[in-house]
2 protein chains.
Amino acid sequence: MSRFWSDVVRRLSPYVPGEQPRNADLVKLNTNENPYPPSPRALALVSADIGPSLRLYPDPNSVGLKDAVARGTGLERSNVFVGNGSDEVLALSFLAFFSGGNALQFPDVSYSFYPVWCQLFGIEAERIALAEDFRVDLTPYRGGKGGIIFPNPNAPTGIALALSDIEALLRDEPDRLVVVDEAYVDFGAESTAALVPRFENLLVVQTLSKSRSLAGLRVGWALGQPDLISALDRVKNSFNSYPIDRVAEQVAVAALDDESHFRECRERIIATRTQTTSRLQTLGFEVLPSSANFIFVHHPRAQASELFEGLRERDILVRYFEQPRIDGHLRITIGTDEEMMRLVSVLAELVRAA
Amino acid sequence: MSRFWSDVVRRLSPYVPGEQPRNADLVKLNTNENPYPPSPRALALVSADIGPSLRLYPDPNSVGLKDAVARGTGLERSNVFVGNGSDEVLALSFLAFFSGGNALQFPDVSYSFYPVWCQLFGIEAERIALAEDFRVDLTPYRGGKGGIIFPNPNAPTGIALALSDIEALLRDEPDRLVVVDEAYVDFGAESTAALVPRFENLLVVQTLSKSRSLAGLRVGWALGQPDLISALDRVKNSFNSYPIDRVAEQVAVAALDDESHFRECRERIIATRTQTTSRLQTLGFEVLPSSANFIFVHHPRAQASELFEGLRERDILVRYFEQPRIDGHLRITIGTDEEMMRLVSVLAELVRAA
């Protein structure tokens, strides 16, 4: 138990699933699995290695996946919690660490799921304004009582915090849990993963959805000291024992172990981001300095809502947020070079007409 | 909104994910997906049709899967909610319908996850004793104020309720939500799915894990009138927008549409159950009348805990529950004929030695 556990976690006695032995020779009549394989039509959709095993429950602890994450981050298995996308990991973290306590602090312009989880679990939300230049300024976070969460880099701005600033916050606020949501970290920010062994008040959340091209698979994880991980395991085992299916686990491990493919795609996206940024600046756009796989842009002479509609009419979909402070901006994902060329040329037209 | 919604559901303003258009010709720069495919090592694990699409988020509403469930049950898409296994569907149902209200009634001997969800969401639990013969007697459920949940057939007993008894309960208690957990219904009980259009207080929960041989895939669903389904959608969209990944959705649809494979496997299991039951009775076992893919057995002269250990030593794993009323029983999953022959012969030995 740790001082960061919510009352909910403390009172739980999690569900205990039937044993999933690793010895394949057992006659396994303990968890009501079907002895016959799934439909051949279902089997045809996955590799011959995985298919027949689908009749059996997955490993509820996803040890194979935890180990792959540990290998990739230089941490131990006991530092890793895995879930059905980083959204599930974040949701369970809100319940495990922030419910029933003091107000949770996060940036006013940030991932819009944070206030939704607060509402779901009855957590008071304290929104802290971004600085004038849209940066997260960690000064006003000092001296609070509850937890802190922010994405690094932040979304939808794409701006990253320096590792040293986060480290200073962790040092200054040892009794408050700080969750760093690193969904986009691989595109240019510095990960806090390496700080995990030194700070018991740090939880880092990452995902396969962005830099590993696996948004369709739903795998994410949290990194933290074992006390934090066991709180998450308790909540997970009181909610849904088997969130990671057998296909997802194996696909995730294969993707995590392929560092060279990962690096190559990441470098291409960073190069395209640099090029797109400079082309848009030529058109008069202000582009926030992005460390993510998207850019957040504003044009002084063109309405963002109209650019959004104009792009849409030409079959280009970007994100426009009708909300205070950012309704003059568009968030644009970095696609292929070809897609970005098309975007830039349509925006050139629209800006000329504005 | 409906009278069955919990306060939690009423107060939610769910997260709105970025648009997932069906027009494939769009330049999609709105949800920060990676333009490049996942690692070839990951792609090798799934069919060539699915692999490249994994870089994109799945449909958050899983419309294709909902339609397959609707086809299979004779209901409409608006009657279907889908989730990451029936455990997640049940967990979200507890939050959507039972939290913050009156005591929830369920059998004292039943699925052991029910009290865990009560604890997680702060729901008062009222356990109602099974009858002497281990049947669920619905009489004492009458006149309560909160919701009701029971598996049909019940676990770990395997005993089914008659459809007419459930229908009478639904008629007698129109202001109380009744959740019928039909994880095992396909092996011999009558589903309440057909009652959905007539009873607004009925929610039916089913899964692919048992009768479709897909425990390793994590897909389950709830069936109910649209007001109930929209409460579940609100909670889900405030927790995790995309619980069903792209592989799971397609594998699930393929399995659901293969009725003949399903029927064939089910008939084999039922035949094996009949045969195993009579062989065990010959050895002196009492076997509860099962409508599930498991049997619940007791021997008047042999300790269940010792039989459990004896089987385990011979590499046969069954389930023993060290809890009041049922610690003299074993729950045995129905495997293949060969596996059950081996089980029966080891049990014969163990009983002789007892």
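Everything numeric in this text was worked out from a predicted model, so none of it was measured.

Thresholds applied
- Residues numbered from 1 in each chain as written.
- Chains lettered and ligands numbered in written order.
- Predicted model: local features only at pLDDT ≥ 70, side-chain atom pairs only at ≥ 80, totals over all residues.
- Heavy atoms only, no water.
- Helix = DSSP H or I, 4+ residues; strand = E, 2+ residues; numbered from the N terminus.
- Rg over C-alpha atoms; globule rule 2.2 N^0.38 Å.
- Buried < 20%, exposed > 50% of the residue type's maximum accessible area, 1.4 Å probe, protein only.
- Lys, Arg positive; Asp, Glu negative; His and termini not counted.
- Charge placed at Lys NZ, Arg CZ, Asp CG, Glu CD.
- Least-squares fit on C-alpha atoms with pLDDT ≥ 70 in both.
- Contact = heavy atoms within 4.5 Å.
- Pairing = 2+ DSSP bridges.
- Axes fitted to C-alpha atoms, helices over the stretch in contact; angles between N-to-C directions.
- Phe/Tyr/Trp six-rings, centres within 6.5 Å; stacked < 30°, edge-to-face > 60°.
- Parallel < 35°, antiparallel > 145°, perpendicular 65-115°, else oblique.
- Left-handed = near helix turned anticlockwise from the far one by under 90°.
- Nonpolar A, V, L, I, M, F, W, Y, C, P; charged D, E, K, R; others polar.
- Salt bridge = Lys/Arg side-chain N within 4 Å of Asp/Glu carboxyl O.
- Arc of directions from axis to C-beta.
- Domains from an automatic or database assignment.
- Buried area = accessible area lost by both parts, 1.4 Å probe.
- Polar contact = N/O pair within 3.5 Å; in protein donor to acceptor, adjacent residues only side chain to side chain.
- Right-handed = clockwise from strand over helix to strand, strands pointing away.

Asker: So what's going on with the overall build of chain A? Residues and values would help.
Answerer: Counting its secondary structure elements, chain A contains eleven helices and twelve strands. What you see for chain A is a C-alpha radius of gyration of 22 Å, in line with the 20 Å of a compact globule of 354 residues. With respect to the principal axes defined by its C-alpha atoms, chain A has extents near 70 × 55 × 35 Å. Counting over 354 residues, chain A shows a buried share of 63%. Counting 36 positive and 46 negative side-chain charges, chain A places the averaged centre of each group 2 Å from the other.

Asker: If you had to explain the relation of the copies chain A and chain B to someone new, which residues and values would you point to?
Answerer: At an RMSD of 0.0 Å, chain A and chain B line up after a rotation of 180 degrees and a shift of 0.0 Å along the axis. Within this description, the copies of the chain are treated as partners about a two-fold rotation axis. In terms of C-alpha distance to the rotation axis, chain A has Val-46 of chain A as its closest residue, with the C-alpha 2.1 Å off the axis. In this assembly, 100% of the residues forming the interface of chain A have copies in chain B that are likewise at the interface, indicating an isologous arrangement.

Asker: Can you break down the sheet that holds strand S9 (residues 286-287) of chain B residue by residue, with the values?
Answerer: Residues and elements named next belong to chain B. Spatially, three strands are ordered S9-S10-S12 in an open sheet, and the strand pairing comes out antiparallel. Taken across any chain shown, the strands that pair with only one partner, and hence form the sheet edges, are S9 and strand S12 (329-333). Most of the contacts of helix H9 (residues 259-282) go to strand S10 (residues 294-298), to which it runs at about 10 degrees, and overall it touches S9 and S10.

Asker: An account of unusual backbone geometry is requested, with residue identities and associated values reported.
Answerer: Residue and element names in this part refer to chain A. In the segment running from Asn-152 into Pro-153, the intervening peptide bond is cis, with an omega of -5 degrees. Along the chain, Pro-153 falls in the loop between strand S5 (148-151) and helix H6 (163-172). Residue Pro-156 is bonded to the preceding Ala-155 through a cis peptide linkage, with omega at 0 degrees. Here the phi dihedral of Phe-134 falls at roughly 75 degrees; this positive angle occurs in a residue that is not glycine. Looking at where Phe-134 falls in the secondary structure, it is placed in the loop between strand S4 (125-128) and S5.

Asker: Describe in detail the sheet that holds strand S12 (residues 329-333) of chain A, supporting the description with residues and values.
Answerer: Residues and elements named next belong to chain A. Taken in spatial order, the three strands make up an open sheet running S9-S10-S12, and their pairing is antiparallel. A strand with exactly one partner marks an edge of an open sheet, and here the two such strands are strand S9 (286-287) and S12. Pairing between S9 and strand S10 (residues 294-298): two bridges, direction antiparallel. Directly across from Val-287, in S10, lies its bridge partner Val-297.

Asker: Provide a residue-level description of the packing of aromatic side chains, including the pertinent values.
Answerer: Inspection of every chain in the model, using the stated rule, returns 29 aromatic pairs over all chains. Look at Tyr-111 of chain B and Tyr-114 of chain B: their rings are 5.6 Å apart centre to centre, the planes differ by 85 degrees, and that puts the pair in the edge-to-face class. Relative accessible area serves as the criterion here: at 0%, Tyr-114 of chain B is assigned to the buried category. For the pair Tyr-184 of chain B and Phe-294 of chain B, a centre-to-centre distance of 4.8 Å together with 85 degrees between the ring planes defines the contact as edge-to-face. Of this pair, Tyr-184 of chain B sits in the loop between strand S6 (178-181) and strand S7 (202-207) while Phe-294 of chain B sits in strand S10, placing them 110 residues apart in sequence. The burial state of Tyr-184 of chain B is the same as that of Phe-294 of chain B; both residues are buried. An aromatic cluster is present here, built from Tyr-15 of chain A together with Phe-94, Phe-98, Phe-106, Tyr-111, Phe-113, Tyr-114 and Trp-117 of chain B joined pairwise through their rings.

Asker: Break down the environment of Gly-122 of chain A for me, citing the residues and quoting the values.
Answerer: You can see Gly-122 of chain A is positioned in the loop between helix H5 (113-121) and S4. Once the C-alpha coordinates of Gly-122 of chain A and Leu-214 of chain A are considered, the two residues, 92 residues apart in sequence, prove to be 31 Å apart.

Asker: Just give me the short version of the packing of helix H4 (residues 85-98) of chain A against H5 of chain A, but keep the residues and values in it.
Answerer: Residue and element names in this part refer to chain A. Where H4 meets H5, the axes come as close as 10 Å, and the angle between the chain directions of the two elements is 45 degrees. In this view, H4 runs oblique relative to H5, as classed from their interaxial angle. Regarding H4 and H5, the two cross each other, and that crossing is right-handed. Within the contact between the two elements, H4 uses Asp-87, Leu-90, Ala-91, Phe-94 and Leu-95 and H5 uses Phe-113, Tyr-114, Trp-117, Cys-118 and Phe-121. Along the lines of polarity and charge, the residues of the contact of H4 with H5 split into nine nonpolar, no polar and one charged.

Asker: So, the pattern of salt bridges: which residues are in play, and what are the values?
Answerer: Under the definition given, this model contains 34 salt bridges over all chains. A salt bridge links Glu-33 of chain A to Lys-28 of chain A, with the nearest nitrogen and oxygen atoms 2.7 Å apart. Judged by its relative accessible area of 5%, Glu-33 of chain A falls in the buried class. With a shortest N-O distance of 3.1 Å, Glu-200 of chain B and Arg-3 of chain B are connected by a salt bridge. Of this pair, Glu-200 of chain B sits in the loop between S6 and S7 while Arg-3 of chain B is found in the segment before helix H1 (7-11), placing the two residues 197 residues apart along the sequence.

Asker: Describe helix H10 (residues 304-313) of chain A, and please don't skip the residues or the numbers.
Answerer: Residues and elements named next belong to chain A. Here H10 has its buried residues at Ala-304, Leu-307, Phe-308, Gly-310 and Leu-311. One face of H10 carries all of its buried residues, which in axial projection span an arc of 165 degrees. Relative to its buried face, H10 has exposed residues pointing more than 90 degrees away, namely Glu-306 and Glu-313. Note on H10: the residue one or two positions beyond its end, Asp-315, has a positive phi of about 65 degrees.

Asker: Requested: an account of the domain arrangement of chain A, with residues and values cited.
Answerer: All names here are of chain A. Domain annotation for chain A reports domain 1 (20-37 + 260-353) and domain 2 (55-257). For the domain 1 and domain 2 pair, buried surface summed over both sides reaches about 2400 Å², with 60% attributable to carbon and sulfur atoms. Three residues, Phe-262, Ser-291 and Arg-325, lead the burial of domain 1 against domain 2; their summed loss comes to 28% of the area buried on that side. The interface formed by domain 1 and domain 2 holds zero salt bridges in total. Connecting domain 1 to domain 2 are eight residue pairs in polar contact (both at pLDDT 80 or more). If you list the elements that add at least two residues to the side of domain 1 that touches domain 2, you get helix H9 (259-282), S10 and S12.

Asker: Tell me about the pairing of strand S6 (residues 178-181) of chain A, and please be specific about residues and values.
Answerer: Residues Val-178 and Val-180 of chain A of S6 of chain A are buried on one face, and the alternating residues Val-179 and Asp-181 of chain A, pointing to the opposite face, are buried as well. With H6 of chain A bridging S5 of chain A and the parallel S6 of chain A, this β-α-β connection has right-handed handedness.

Asker: Got a sec to walk through the packing of H9 of chain B against helix H11 (residues 337-353) of chain B? Specific residues and values, please.
Answerer: All names here are of chain B. Close contact between H9 and H11 brings their axes to 10 Å; oriented N to C, the two are set at 10 degrees. Considering the angle they form, H9 stands roughly parallel to H11. Two secondary-structure elements touch here, H9 through Thr-272, Gln-275, Thr-276, Arg-279 and Leu-280 and H11 through Asp-337, Met-340, Met-341, Leu-343, Val-344 and Leu-347.

Asker: Give a detailed account of the environment of Arg-331 of chain B, specifying residues and quantitative values.
Answerer: Among the structural elements, Arg-331 of chain B can be located in strand S12. Considered as a pair, Arg-331 of chain B and Glu-349 of chain B are 18 residues apart in the sequence and their alpha carbons are 19 Å apart. Among residues more than four places away in sequence, those in contact with Arg-331 of chain B are Leu-29, Asn-30, Thr-31 and Asn-32 of chain A together with Pro-156, Phe-294, Ile-295, Phe-296, Val-318, Arg-319 and Phe-321 of chain B. In this structure the side chain of Arg-331 of chain B is engaged in a polar contact, spanning 2.6 Å, whose partner is the backbone oxygen of Asn-30 of chain A.

Asker: Describe in detail helix H5 (residues 113-121) of chain B, supporting the description with residues and values.
Answerer: All names here are of chain B. With seven of nine residues buried, H5 lies mostly within the body of the structure. Those residues of H5 that sit buried are Phe-113, Tyr-114, Val-116, Trp-117, Cys-118, Leu-120 and Phe-121. Just downstream of H5 lies Gly-122, where phi reads positive at about 65 degrees.

Asker: Go over the interface of chain A and chain B with me, naming the residues and quoting the values.
Answerer: The partner chain B presents 108 residues to the 108 residues of chain A that form the contact. Approximately 9000 Å² of surface area, both sides summed, lies buried where chain A meets chain B, with 56% of it carried by carbon and sulfur atoms. Counting across the chain A and chain B interface gives two salt bridges. Applying the counting criterion to the chain A and chain B interface returns 66 residue pairs in polar contact (both at pLDDT 80 or more). The element best represented in the side of chain A that touches chain B is helix H8 (residues 246-257) of chain A, accounting for eight residues. The class makeup of the residues in the side of chain A that touches chain B is 57 nonpolar, 28 polar and 23 charged. Looking at chain direction, strand S11 (residues 316-317) of chain A and strand S1 (residues 27-28) of chain B are connected through two bridges and run parallel. Each bridged residue has a counterpart across the sheet, and for Leu-317 of chain A the counterpart in S1 of chain B is Lys-28 of chain B.

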